[in-house]
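Architecture at a glance
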Amino acid sequence: MSSKQQSIKIIVIGLFTAVLVCLSASAYYVYKKEYSDNDLIKGKLASMDAKYLYDYYITSTPSIEGRHYYGSQNASVTIIAFLDASSKSSKEFVFNILPMVEKEFIATGKARLYIKHSLSKQDIVEKSDEFKYALYATCVGEINGEKYHPFYFGMFNLSGAEELLLLAERHGISKKSMDTCMKEADIPEAKIDAYEANKFGISGIKPVIYIGLNGRANTILYGIPSYKKFKQALTGQLYSIGE
């Protein structure tokens, strides 16, 4: 090898090494920043929850572990809906699309629905109306799980967050119970949903729907899908398991 070739080789190796160092430093910076800002990930790392971390970082799969669901526990097809009860587009989905899905797929035991709150981390910091909707729903679910979905869907008929307590009382949840929960709750659902929405690029402007099998292998629908498109995604998952 000539001296010129050796020089070129050294330069190439040097450049390659520099790129690797820069990439490593960048990855470390991003990881360190997210770790320091994200107490959810801190907890998952501390508990060595490899499945959640894999879904969060690699497959972008929303977590439904321990969440209330609407429908039969035996239904293999899952609908995971990121919704915002104060959003016009989410209201349109709940009022116009979901009733047909409920009649044909949920009530018949073919699918079950999980609600995720479409929040940003800023919503939690500022205690926005969107955050209040999520926190009230979480507390109602903790106090009486059977009231979770009736209360949640009732929120879409409210004109503002100031009516949340009255709605809870109409569902048999006392002000005292709500006050206790609101003071003591560490809002795990809201935090998980906010971090996932941020990581997966979900905003509260439009619904984002994941249709899969037991929460995985999801088809993702953005915005307000037509019922035909929604039905195609559901029947496709049912077909894949021979139903």
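Keep in mind that this is a model prediction, so the values were computed, not measured.

Analysis parameters
- Residues numbered from 1 in each chain as written.
- Predicted model: local features only at pLDDT ≥ 70, side-chain atom pairs only at ≥ 80, totals over all residues.
- Heavy atoms only, no water.
- Axes fitted to C-alpha atoms, helices over the stretch in contact; angles between N-to-C directions.
- Helix = DSSP H or I, 4+ residues; strand = E, 2+ residues; numbered from the N terminus.
- Contact = heavy atoms within 4.5 Å.
- Nonpolar A, V, L, I, M, F, W, Y, C, P; charged D, E, K, R; others polar.
- Patch = residues over 30% accessible without salt bridge, like charges linked within 9 Å, V, L, I, M, F, W, Y side chains within 5 Å.
- Areas by Shrake-Rupley, 256 points an atom, 1.4 Å probe, with all protein chains shown as cover.
- Salt bridge = Lys/Arg side-chain N within 4 Å of Asp/Glu carboxyl O.
- Disulfide = S-S within 2.5 Å.
- pLDDT = per-residue confidence, 0-100.
- Core = buried A, V, L, I, M, F, W, Y, C linked by side-chain atoms within 4.5 Å.
- Buried < 20%, exposed > 50% of the residue type's maximum accessible area, 1.4 Å probe, protein only.
- Pairing = 2+ DSSP bridges.
- Phe/Tyr/Trp six-rings, centres within 6.5 Å; stacked < 30°, edge-to-face > 60°.

Relative placement of two packed helices is described by the angle separating their axes and the distance separating the axes. The N-to-C vectors of helix H3 (residues 50-59) and helix H10 (residues 188-199) enclose an angle of 35°; their axes lie 10 Å apart at closest approach. For the pair formed by H3 and H10, the contact residues are Tyr-52, Tyr-56 and Tyr-57 on the first element and Ile-192, Tyr-195, Glu-196 and Lys-199 on the second. Here the contact of H3 with H10 is built from residues that sort into five nonpolar, no polar and two charged.

On the surface, a cluster of nonpolar side chains totalling about 320 Å² of accessible area is made up of Tyr-54, Tyr-57 and Ile-58. By the secondary structure assignment, Ile-58 is in helix H3.

Here is the idea: a disulfide is a covalent bond, and it sits between the sulfur atoms of two cysteines. This structure, assessed with the given rule, holds one disulfide. Two residues, Cys-139 and Cys-181, share a disulfide whose sulfurs are 2.2 Å apart. Taking the torsion about the sulfur-sulfur bond, which here is approximately -90°, the covalent link between Cys-139 and Cys-181 counts as left-handed. Of this pair, Cys-139 sits in helix H6 (residues 129-143) while Cys-181 sits in helix H9 (residues 175-184), placing them 42 residues apart in sequence.

What follows concerns the confidence of the model for the protein. Detail in the predicted coordinates should be disregarded across regions flagged by low pLDDT. Looking at the protein as a whole, its pLDDT mean stands at 82, while 78% of the residues score no less than 70. Below pLDDT 50 for its whole length, residues 18-32 participates in one contact with residues either more than four positions away or in separate chains.

Here we come to the nonpolar core. One finds Leu-83, Val-101, Phe-151, Met-155, Ile-209, Phe-230 and Leu-234 to be the most contacted residues of the largest nonpolar core, which totals 49 residues. For this core, the element with the highest residue contribution is H6, accounting for eight residues. When residues no more than four places from it in sequence are discounted, the contact partners of Val-101 are Ile-79, Ile-106, Tyr-227, Phe-230 and Leu-234. Counting nine residues, the second largest nonpolar core, distinct from the first, contains Ile-80, Phe-82, Tyr-114 and Val-208.

Let us look at the environment of Leu-158. Tracing the backbone through its elements, the reader meets Leu-158 in the loop between helix H7 (148-154) and helix H8 (164-170). Leaving out residues up to four positions away in the same chain, Leu-158 has contacts with Lys-91, Tyr-133, Glu-163, Leu-164, Leu-167 and Arg-170.

Pairs can form between side chains of opposite charge once their charged atoms are near each other. Summed over the entire model, instances satisfying the criterion amount to five salt bridges. Across the pair Glu-104 and Lys-231 runs a salt bridge whose closest N-O atoms are separated by 3.0 Å. Note that Glu-104 is positioned in helix H4 (residues 88-106) and Lys-231 in helix H11 (residues 227-240), a separation of 127 residues in sequence. A residue is classified by how much of its surface remains accessible, and Glu-104, at 28% relative accessible area, is partly exposed.

This next bit is on the sheet that holds strand E3 (residues 111-117). Spatially, the five strands line up as an open sheet ordered E1-E3-E2-E4-E5, and their pairing is mixed. Every interior strand has two partners, whereas the edge strands, strand E1 (69-71) and strand E5 (216-222), have only one. Neighbouring strand axes in the sheet, compared pairwise and without regard to direction, differ in orientation by 25° on average. Sheet topology places strand E2 (residues 77-83) next to E3; seven bridges connect them, and they run parallel. Paired with Leu-83 across the strands is His-117, a residue of E3.

Next up on the list: the packing of aromatic side chains. Working definition: an aromatic ring pair is given by the centre-to-centre distance plus the angle between the planes. This model, assessed by the stated rule, comprises seven aromatic pairs. Both rings, one in Tyr-152 and one in Phe-153, keep their centres 5.7 Å apart while their planes meet at 75°; by these two values the pair is edge-to-face. Accessibility classification places Tyr-152 together with Phe-153 in one group, the buried group. In textbook terms, an aromatic cluster arises when at least three aromatic residues are bridged by ring pairs, as seen for Tyr-70, Tyr-148, Tyr-152, Phe-153 and Phe-156.

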